Amino acid sequence: MKNIKADAKHIQNWLEHINSFNSTPDFGTTRVLFTKPEVAARDYVKSEMRALGMTVKEDAIGNIFGIYEGTDPTLPPVWTGSHIDTVLNAGMFDGMSGVVAGLEAVRMIRTAGVQTARSIVVIVYTSEEPTRFKLGCLGSRAMAGKLGAEDAKKLHDDDGKTLYDVLDELGFPVDAFDEVPVKRGAVHGAVELHIDQTGVLERDRKTIGIVKTICAPSVFDVVVTGRQSHAGGTSMDERRDAYMAASEMALMLEHLGRTSTSEYTTVTVGRVDVIPNAVNVIPGCVKFSIDIRDCDFDKKNELIGRMKKALSEIAERRGVTYELTEYNNDHPMKCEPAITQKIEAACKAQGISYEYTISGAFHDSMLVGEFAPVAMIFVPSKDGISHSPEEWTGYDDLAAGTDVLADTLIAMANE
């Protein structure tokens, strides 16, 4: 919009207020799904939506919908938004920036008196991070029809509470779980603004990243079982060391990631538990996680096949056994060219620098893309750092991204 621009101060105030709902204020930001800080942040965002003249609704899994009504609300709406939950000891921009940019875009549209035929909906997706229930994108996954009531009854947190029970305790309409999935065609399109978590935009000195593909994760747990024994009394030849076997497995995984022929692949071992974790005891058991991301589903599955073969070979050679548990194997999402072209046109019209990029991180848009055309707008992050107290994105960059977002939403909402 030429007659009004995003206000960096508004964006800053919203982000700082959301950040005040935080269970670790002395070390980054922690706002885990349905804890007191997260629930308070939800209430705050809903109040800000209402202050902007939006109608607020929630579904059975807790997705929040702020609806800014168009002149023809019978038309499929346009969506934007992100999440407000965080990993442990994170920063204040991941996810929250997309929600705040959506609010600011609506404020701009409202202030400018711009009318759109389609309604614009700002969404807070439930738990994009897998922090509490070990599975990411709970809200958007349910929207895509991939997480129902029975699944919610099987997902447990560390205290043994199920997602279903927590939702019920908080008063969400769990009896209406079958109403959460969104039918294809019910949403005209969705655009999510997010911080760049790679540092590419900063290095290339570009203000906007137009995402062409969202990489999808495959997440596993591995339990390696050897033989616990005395560190001094067991010779090197007699050992069945679970930790050394797990270490070789981890290095094998790194090699698979580095030698992948896909355009973008990452392989991470992020969590390791060594049992009994004593200085003079050969570990008898090691548990570790595997996170595989790729922009090509077939090549990701090829890598997983090689991984399984190599795990078996290492276990047999080292005299240990292992169990592999798969939690999810999601499909990468190609962004909709008709929307990315609108984002590019908005950048050109406003003289904002941009480049096309790949998202190595997964986002709710990955699953929203199962039932609607999607695209993503990235803005720079300092040094590419995210999921850290050092995470930082300049408010002026967020304002520029919001200008692009607002123009894109208007163009889509008037189709």
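Throughout what follows, the structure given in this document is the object of discussion. (Residues numbered from 1 in each chain as written. Predicted model: local features only at pLDDT ≥ 70, side-chain atom pairs only at ≥ 80, totals over all residues. Heavy atoms only, no water.)

What follows covers the side chain of Arg 141. The residue Arg 141 is located in helix H4 (residues 138-143) in this model. The exposure class of Arg 141 is buried, given its relative accessible area of 6%. Here the side chain of Arg 141 touches Gly 136 through a polar contact of 3.1 Å, landing on its backbone oxygen. A distance of 3.1 Å separates a polar atom in the side chain of Arg 141 from a polar atom in the side chain of Asp 330. (Helix = DSSP H or I, 4+ residues; strand = E, 2+ residues; numbered from the N terminus. Buried < 20%, exposed > 50% of the residue type's maximum accessible area, 1.4 Å probe, protein only. Polar contact = N/O pair within 3.5 Å; in protein donor to acceptor, adjacent residues only side chain to side chain.)

What follows deals with helix H1 (residues 8-19). The end-to-end C-alpha distance of H1 is 16 Å, a good match for the 16 Å that twelve residues give at a rise of 1.5 Å each. Those residues of H1 lying buried are Ala 8, Ile 11, Gln 12, Trp 14, Leu 15, Ile 18 and Asn 19. Projected down its long axis, H1 shows its buried positions confined to an angular sector of 165°, all on one face. Where H1 is buried, its residues meet helix H2 (36-51), helix H3 (96-112) and helix H12 (395-413). With a side-chain oxygen positioned 2.8 Å from the backbone nitrogen of Lys 9, the residue opening H1 is Asp 7. (Expected span 1.5 Å × (residues − 1). Arc of directions from axis to C-beta. Contact = heavy atoms within 4.5 Å.)

The next subject is the pattern of salt bridges. According to the stated counting rule, one finds 21 salt bridges in the structure shown. Of the charged contacts, one joins Arg 42 and Glu 38 as a salt bridge, the two residues approaching to 3.0 Å between their closest N and O atoms. Within this pair, Arg 42 and its partner Glu 38 are both found in helix H2, separated by four residues, close to a single helical turn. In terms of burial, Arg 42 and Glu 38 fall into one category: buried. Residues Lys 161 and Glu 169 are paired through a salt bridge, measuring 3.3 Å at the closest nitrogen-oxygen approach. Residue Lys 161 is classed as partly exposed on the basis of its relative accessible area, which comes to 36%. Residue Glu 169 is classed as exposed on the basis of its relative accessible area, which comes to 54%. (Salt bridge = Lys/Arg side-chain N within 4 Å of Asp/Glu carboxyl O.)

Between helix H8 (residues 242-258) and helix H9 (residues 297-318), the shortest axis-to-axis distance is 10 Å and the interhelical angle comes to 155°. Here H8 is positioned roughly antiparallel relative to H9, judged by the angle of their axes. Here H8 runs over H9; the crossing is right-handed. Between H8 and H9, the contacting residues are Met 244, Ala 245, Glu 248, Met 249, Met 252, Leu 253, Leu 256 and Gly 257 on the first element and Leu 303, Arg 306, Met 307, Ala 310, Leu 311, Ile 314, Ala 315, Arg 317 and Arg 318 on the second. Along the lines of polarity and charge, the residues of the contact of H8 with H9 split into twelve nonpolar, one polar and four charged. (Axes fitted to C-alpha atoms, helices over the stretch in contact; angles between N-to-C directions. Parallel < 35°, antiparallel > 145°, perpendicular 65-115°, else oblique. Left-handed = near helix turned anticlockwise from the far one by under 90°. Nonpolar A, V, L, I, M, F, W, Y, C, P; charged D, E, K, R; others polar.)

Along the chain, the position of Asn 22 falls in the loop between H1 and H2. At 2.8 Å, the side chain of Asn 22 and the backbone nitrogen of Thr 30 are in polar contact. Every residue in contact with Asn 22, bar those within four places of it in the chain, is listed here: Gly 28, Thr 29, Thr 30 and Pro 37.

Let us look at the nonpolar core. Residues Trp 79, Leu 147 and Leu 163 are the most contacted members of the largest nonpolar core, which totals 103 residues. Grouped together as the second largest cluster of nonpolar side chains are 23 residues, Phe 220, Met 249, Leu 253 and Val 320 included. (Core = buried A, V, L, I, M, F, W, Y, C linked by side-chain atoms within 4.5 Å.)

This part is about unusual backbone geometry. Cis geometry marks the peptide bond from Ile 275 to Pro 276; its omega dihedral reads 10°. Mapped onto the elements of the fold, Pro 276 is located in the loop between strand E10 (272-275) and strand E11 (281-282). Phi is positive for Arg 205, which is not a glycine, with a value near 55°. Summarising the element assignment, Arg 205 is placed in the loop between helix H7 (200-204) and strand E6 (208-214). You can call Arg 205 exposed: its relative accessible area is 75%. The backbone of His 387 shows a phi angle near 55°, a positive value even though the residue is not glycine. Take His 387: it is sitting in the loop between strand E16 (374-379) and H12.

A word on the environment of Met 376. Of note, Met 376 is situated in strand E16. Through-space distance from the C-alpha of Met 376 to that of Thr 74 is 25 Å; in sequence the pair is 302 residues apart. The contact partners of Met 376, leaving out residues within four places of it in the chain, are Glu 192, His 194, Gly 209, Ile 210, Val 211, Ile 214, Cys 335, Ile 343, His 363 and Ser 365.

Right, let's talk about the pairing of E6 for a bit. Taking burial as the measure, the seven residues of E6 include six buried ones, the bulk of the element. The sheet contact formed by E6 and strand E15 (residues 354-359) spans six bridges and is parallel. Its bridge partner being in E15, Gly 209 is matched across the sheet by Glu 355. Strand direction decides the pairing type here: E6 and E16, joined by two bridges, are antiparallel. Directly across from Ile 210, in E16, lies its bridge partner Ile 377. When E6 meets strand E14 (residues 333-334), the two strands line up antiparallel, connected through two bridges. Its bridge partner being in E14, Thr 213 is matched across the sheet by Lys 334. (Pairing = 2+ DSSP bridges.)

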